[in-house]
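Structural description and commentary
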Amino acid sequence: MERRTFLKGLMVLGACPLCVAAAKAAGGGHWGYSGEGGPDHWGSLSGDNLACSAGTQQSPVDISGAIDAELPSLKVDWKAGPARIVNNGHTIQINAAEGSTLMRGDQSYSLLQFHFHAPSEHLVDGKSFPMEVHFVHKSAQGSGLGVLGVFVQSGAAHETMSILAASFPGKAGGEADITVDPNALLPSSLSYWTYEGSLTTPPCSEVVDWMVLREPLSVADGDIARFTELYDGNARPVLPMNRRFILSSS
C-alpha cells in the first residue's frame, strides 16, 4: 500500500474532518497547543494521530525559497448566505452552506468551513502574521482536501471581519446562526503558493492540497484582539519541508 494512501486512511470523518468538535476528530486523548496535550505529543495521544509524529509531509511550513511556476489561476465561487458559527474549543469555525466551490485548473473543491488561527500557522521567510484564515474544501476528485490559507494583518477596519468578530461565541460549545459572505475575506489578489501537506490539527492526515495567498487581508486591531481574547496561540509550529517543493504562481 502506498504511503500516501495509508495516511489518507487515517482521516477521521474524511469528508469533513474539522466540521465537528476537533477533540472528537482526534479519536482519543485531549489535545491542545501547550503542555502534555501540545503539538509535540499529538502523535502519542491516540492511534489515530500517527501521522502527527510519523508523517513526512506535515503542515504548516515556513514558505521560503518558492519556485516560480505556471500554475492555474484560482477561481472562487463562494456563496453568501446563512452559516453556523461555532466555538469548538480550539478555534472559531464557520460552517458553510452547500454550493460554494473553488476551482484550480481542472480540480474542483467544495467549501466545508473556514476557521482562524492566531498567530498565523504558516510563516513567510520566517515571518508570522497576527492571524490566518483556513478555508477548508473537499476535493470533488477524491477523499483529499484543498485548504486555502489567507494571512491576516493589522490595518483598516474590515466590515465582514467586524461582523464575525462581534458574533464569536465566547465559550467553547457556543454556536449561533449568522449570514456571511466569505468572498469578503479574500484580498484583492489571488496569487498563491502551493505545496502538498497535512491537516494542522490531529489527526494530521497528509491529504491536503495547500494554497496560501500571497497578499494578506487587513482588518482592525480590535477584531484581531477579539479573537485572541478567546484563542491566543492556537497555531501549530512549522514542520520540516522534507524534500517537498513550494511553487509560486505569477
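Refer to the structure printed above.
Residues numbered from 1 in each chain as written. Predicted model: local features only at pLDDT ≥ 70, side-chain atom pairs only at ≥ 80, totals over all residues. Heavy atoms only, no water.

A word on the state of the cysteines
- Under the defined criterion, the tally for this structure stands at 1 disulfide.
- A sulfur-sulfur separation of 2.1 Å characterises the disulfide bridge that pairs Cys 52 with Cys 204. Taking the sign of the S-S torsion, about 90° here, the bridge from Cys 52 to Cys 204 comes out right-handed. With Cys 52 in helix 4 (residues 50–54) and Cys 204 in the loop between strand 12 (192–197) and strand 13 (208–213), this residue pair connects regions lying 152 residues apart in the sequence. Cys 204 carries the same exposure label as Cys 52, and that label is buried. (Disulfide = S-S within 2.5 Å. Helix = DSSP H or I, 4+ residues; strand = E, 2+ residues; numbered from the N terminus. Buried < 20%, exposed > 50% of the residue type's maximum accessible area, 1.4 Å probe, protein only.)

Quick notes on the nonpolar core
- In terms of nonpolar packing, the biggest core is built from 34 residues, with Ile 94, Phe 114, Phe 116, Phe 135, Leu 164 and Phe 168 touching the most fellow members.
- Here this core gets 4 residues from one element, more than from any other, and that element is strand 7 (residues 107–117).
- Sequence-distant contacts of Phe 116, that is, excluding residues within four places in its chain, are made with Thr 91, Ile 92, Ile 94, Met 131, Glu 132, Val 133, Met 161, Leu 164, Phe 168, Phe 227 and Asn 234.
- Within the second largest apolar cluster, 17 residues are counted, among which are Val 61, Leu 112, Phe 129 and Val 136. (Core = buried A, V, L, I, M, F, W, Y, C linked by side-chain atoms within 4.5 Å. Contact = heavy atoms within 4.5 Å.)

Some words on the environment of Val 212
- Within the secondary structure, Val 212 sits in strand 13.
- A relative accessible area of 1% means that Val 212 is categorised as buried.
- Here the alpha-carbon distance between Val 212 and Leu 190, two residues 22 residues apart in the chain, equals 9.1 Å.
- Ignoring sequence-local partners within four residues, the contact set of Val 212 consists of Ile 63, His 122, Gly 149, Phe 151, Ser 191, Tyr 192 and Trp 193.

Observations regarding the pattern of salt bridges
- Counted under the stated rule, the structure contains 4 salt bridges.
- Residue Lys 79 is joined to Asp 77 by a salt bridge in which the shortest nitrogen-to-oxygen separation is 3.0 Å.
- For Lys 79, a relative accessible area of 44% corresponds to the partly exposed category.
- Taking relative accessible area as the criterion, Asp 77 reaches 37% and is therefore assigned partly exposed.
- A salt bridge links Arg 84 to Asp 177; the shortest N-O distance between them is 2.7 Å. Placement of the pair is Arg 84 in strand 4 (residues 81–87) and Asp 177 in strand 11 (residues 175–180), with a sequence separation of 93 residues.
- Accessibility expressed as a relative area gives 29% for Arg 84, which makes it partly exposed.
- Residue Asp 177 is classed as exposed on the basis of its relative accessible area, which comes to 62%. (Salt bridge = Lys/Arg side-chain N within 4 Å of Asp/Glu carboxyl O.)

Side note on helix 5 (residues 159–167)
- Within helix 5, burial applies to Thr 160, Met 161, Leu 164 and Ala 165. Each buried residue of helix 5 lies within a common arc of 130° when the element is viewed along its axis, so the set occupies one face. Of the residues in helix 5, the exposed ones pointing more than 90 degrees away from the buried face are Glu 159 and Ala 166. (Arc of directions from axis to C-beta.)

Looking at the environment of Phe 168
- Here Phe 168 shows up in the loop between helix 5 and strand 11.
- Through-space distance from the C-alpha of Phe 168 to that of Thr 91 is 9.9 Å; in sequence the pair is 77 residues apart.

Structural notes on the side chain of Ser 139
- Position of Ser 139 relative to the elements: it lies in strand 9 (residues 131–139).
- A distance of 3.1 Å separates a polar atom in the side chain of Ser 139 from the backbone nitrogen of Gln 141.
- Ignoring anything within four residues of it in the chain, the contact list for Ser 139 reads Ser 108, Tyr 109, Gly 144 and Leu 145. (Polar contact = N/O pair within 3.5 Å; in protein donor to acceptor, adjacent residues only side chain to side chain.)

Comments concerning the environment of Pro 119
- Inspection of the secondary structure assignment puts Pro 119 in the loop between strand 7 and strand 8 (123–124).
- With relative accessibility at 35%, the residue Pro 119 sits in the partly exposed group.
- C-alpha of Pro 119 to C-alpha of Asn 234: the two residues are 115 residues apart in sequence and 7.3 Å apart in space.
- Excluding residues that lie within four positions of it along the chain, Pro 119 makes contacts with Phe 129, Pro 130, Met 131, Gly 233 and Ala 235.

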